[in-house]
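Residue-level structure breakdown
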Amino acid sequence: MAKGSGLGVRGWLLLGLTTVVALAATGVWNPFPGMWDWVNRRTPISEPDVVWQQRIGGTPRSVTIAGEAVVVEQRTRVEARSLAVGSQLWERKADWSAVAGGGADAVVVVGRLLVKGYEVLDPTTGVTRRRDDDAVAVWTYRNLLLDARCVAATDCTLSAWEPRGVAPLWTAFLPGVSSGLLADNPNLLDTRRLTSARIHGEVAGPEAVPPLLGFPVDGRVHVVDTATGRVLQNVEPGRDERLAVIGGRLLRVVARSQDGNCYFTISGRDAATGQETWQRAGLNLRTADSAGCVQREDPYGARNVLVGVSPDGREAVLDGYDGRLLLATENSERVLAVDDRYAVVRTADRGALSGRELSSGQVRWNRPAGEKAGAALTPYAAIVADEKPSRLVALDPRTGQELAALRSSANALAVGPAGMVIGEGREIGYVRFGGAAGDPARNGDGSVPGPAGTGRVPAPQDNCGPKNELCATPDSGK
């Protein structure tokens, strides 16, 4: 029996494709633009939908809300987008970038790796406001910008600038800088942030500068008063010590190995006099590994508080200035996030999160959450990232009121006064808060977030101590 003649499946497909191409070429019918729009259509990264969603050139390394702009740092460039609509404002080639200042005073600092100097840009226009050709390192804060420059290996100066300033506020001598002090925000001796999956480590944006900073130089710690630029201490740690500068104090963490265990003692010292102001034994700040209690890490915490583990396994939050115990958890509870005012704690049954106020120890709110839920605290909102199902929620840290609740597997990238930026891959979007955001940790009056949950501690003054405790304040009635 002879086989039937016909085009077959491949033949018909080829004929159909040829016909479509012919129709498109003659202008009769062109389906390709619509097909391309369908292929390139962007799936919303959250439900409810974001205010705007944009695809950027690469996966962002960091995102920061700077006034009316969103600054996106990528591997070899930095760009800014409108906070209102997401359109690109400007783009620059840069190996690193960071934001200093806040609100209308914010600036973007950019530079190249292995090249001295940096530029200070306006976040909205990208225009260069100031240029430096000598600095080897830059630190950015909400109310200050610091840079370091060296004319020789043992002859360096540290300078402080207002974010939009054109002349340094002060300069200080440092005998060299650590080999790791390069580019933006190299590590200083302070606290390590608690981190969570799907919440970027810099989600809160730049912090206010601490009263004191600890610079590591050739195995020693140089303690600098950020109000005056004075170098208050030049200390070499002992073999069993870890030094950190937290809450206006120089902290000495001693780890002693005995009977197969590590035993810890923490003391806070006045940076100007070296006198011990407080001491606490037994709290493990997770600075040491299991190999002979060698301390290689900074303690966990944020701003002026520390997070450690007591001998009975319960977690504790400690005031770095005076050593007071601000929070002691119950058995099996875990601190997920902390700042000077609040802590977010996973409950012992692992089925809920609670917000705790450090000044009073009061439980401010509770909400159900999965076992793998993460959290972060920012000046404007507490962020909770949950799994199965995937959720991103922004809460008022004081009341637990929902500011935004999203069904999304995206990451929380940046939080500002009125909303947050989320992202997944190369897609980023802006979510506006539906309620009033929490009060920021500082009011723009120069105050620095303080211990004991006050959130309102004056900036240090010359000869007055980190909290102005040595300067008498006259009674208004006298």
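Residues numbered from 1 in each chain as written. Predicted model: local features only at pLDDT ≥ 70, side-chain atom pairs only at ≥ 80, totals over all residues. Heavy atoms only, no water.

An unreviewed UniProt entry lists the protein under the name Pyrrolo-quinoline quinone repeat domain-containing protein, with Micromonospora zingiberis given as the organism.

**Some thoughts on the overall build of the protein**
The number of helices and strands found in the protein is 2 helices and 36 strands. The contacts of the protein with a sequence gap of at least 6 include a subset with a gap of at least 24, amounting to 46%. For the protein, the accessible area works out to roughly 22700 Å², and carbon and sulfur atoms hold 51% of it. (Helix = DSSP H or I, 4+ residues; strand = E, 2+ residues; numbered from the N terminus. Contact = heavy atoms within 4.5 Å. Areas by Shrake-Rupley, 256 points an atom, 1.4 Å probe, with all protein chains shown as cover.)

**Description of the state of the cysteines**
Following the criterion strictly, the structure yields 2 disulfides and no others. Note that Cys-262 is cross-linked by a disulfide to Cys-293, the S-S spacing being 1.9 Å. Around the S-S axis, the bridge from Cys-262 to Cys-293 shows a dihedral of about -105° and counts as left-handed. Pair noted here: Cys-262 is in strand 20 (residues 261-269) and Cys-293 is in the loop between strand 21 (276-281) and strand 22 (300-302), with a separation of 31 residues, a long-range link. Residue Cys-262 is classed as partly exposed on the basis of its relative accessible area, which comes to 30%. (Disulfide = S-S within 2.5 Å. Buried < 20%, exposed > 50% of the residue type's maximum accessible area, 1.4 Å probe, protein only.)

**Some details on the sheet that holds strand 22**
Spatial ordering of the open sheet is given by 22-23-24-25, a layout of 4 strands whose pairing is antiparallel. Lying at the two open borders of the sheet, with one neighbouring strand each, are strand 22 and strand 25 (325-328). Mean inter-strand twist for the sheet, computed between neighbouring axes without regard to direction, equals 25°. One ladder, built from 3 bridges, connects strand 24 (residues 315-319) with strand 25; its direction is antiparallel. Across the sheet, Ala-316 pairs through a bridge with Ala-328, a residue of strand 25. (Pairing = 2+ DSSP bridges. Axes fitted to C-alpha atoms, helices over the stretch in contact; angles between N-to-C directions.)

**Details of the sheet that holds strand 3 (residues 69-73)**
Ordered in space as 2-3-4-5, the 4 strands form an open sheet in which the pairing is antiparallel. A strand with exactly one partner marks an edge of an open sheet, and here the two such strands are strand 2 (62-66) and strand 5 (88-93). Across this sheet, the average inter-strand angle for adjacent strands is 15°, counted without regard to direction. As paired elements, strand 4 (residues 77-82) and strand 5 share 5 bridges and run antiparallel to each other. Counted as the bridge partner of Arg-77 is Lys-93 from strand 5.

**Description of the packing of aromatic side chains**
Both the distance between ring centres and the angle between the ring planes are used here to describe each pair of aromatic rings. By the definition in use, this model includes 2 aromatic pairs. Seen from their ring centres, Trp-52 and Tyr-430 are 6.4 Å apart, and the 20° between their planes marks the pair as stacked. Of this pair, Trp-52 sits in strand 1 (residues 52-55) while Tyr-430 is found in strand 36 (residues 427-432), placing the two residues 378 residues apart along the sequence. Accessibility assignment for this pair places Trp-52 and Tyr-430 in one class, buried. Between Trp-139 and Phe-215, the aromatic rings sit 5.3 Å apart at their centres with planes inclined by 85°, giving edge-to-face as the arrangement. With a gap of 76 residues between them, Trp-139 in strand 10 (residues 137-140) and Phe-215 in strand 15 (residues 212-217) connect regions that are remote in the sequence. Using a relative accessible area of 0% as the deciding quantity, one classes Phe-215 as buried. The aromatic ring of Tyr-300 is capped on one face by Arg-192, whose charged end is 3.9 Å from the ring centroid. Positioned above the aromatic ring of Tyr-321, the side-chain terminus of Arg-249 is 4.0 Å from the ring centre. (Phe/Tyr/Trp six-rings, centres within 6.5 Å; stacked < 30°, edge-to-face > 60°. Lys NZ or Arg CZ within 6 Å of the ring centre and 35° of its normal.)

**A look at unusual backbone geometry**
Glu-47 connects to Pro-48 through a cis peptide bond whose omega is 0°. Structurally, Pro-48 can be placed in the loop between helix 2 (32-40) and strand 1. Positive phi outside glycine occurs at Arg-198, with the angle close to 70°. Secondary-structure assignment places Arg-198 in the loop between strand 14 (183-184) and strand 15. Residue Arg-198 is classed as buried on the basis of its relative accessible area, which comes to 13%. Backbone geometry places Arg-303, a non-glycine residue, at a positive phi of 50°. Secondary-structure assignment places Arg-303 in the loop between strand 22 and strand 23 (305-309). Here Arg-303 falls in the buried class, since its relative accessible area comes to 16%.

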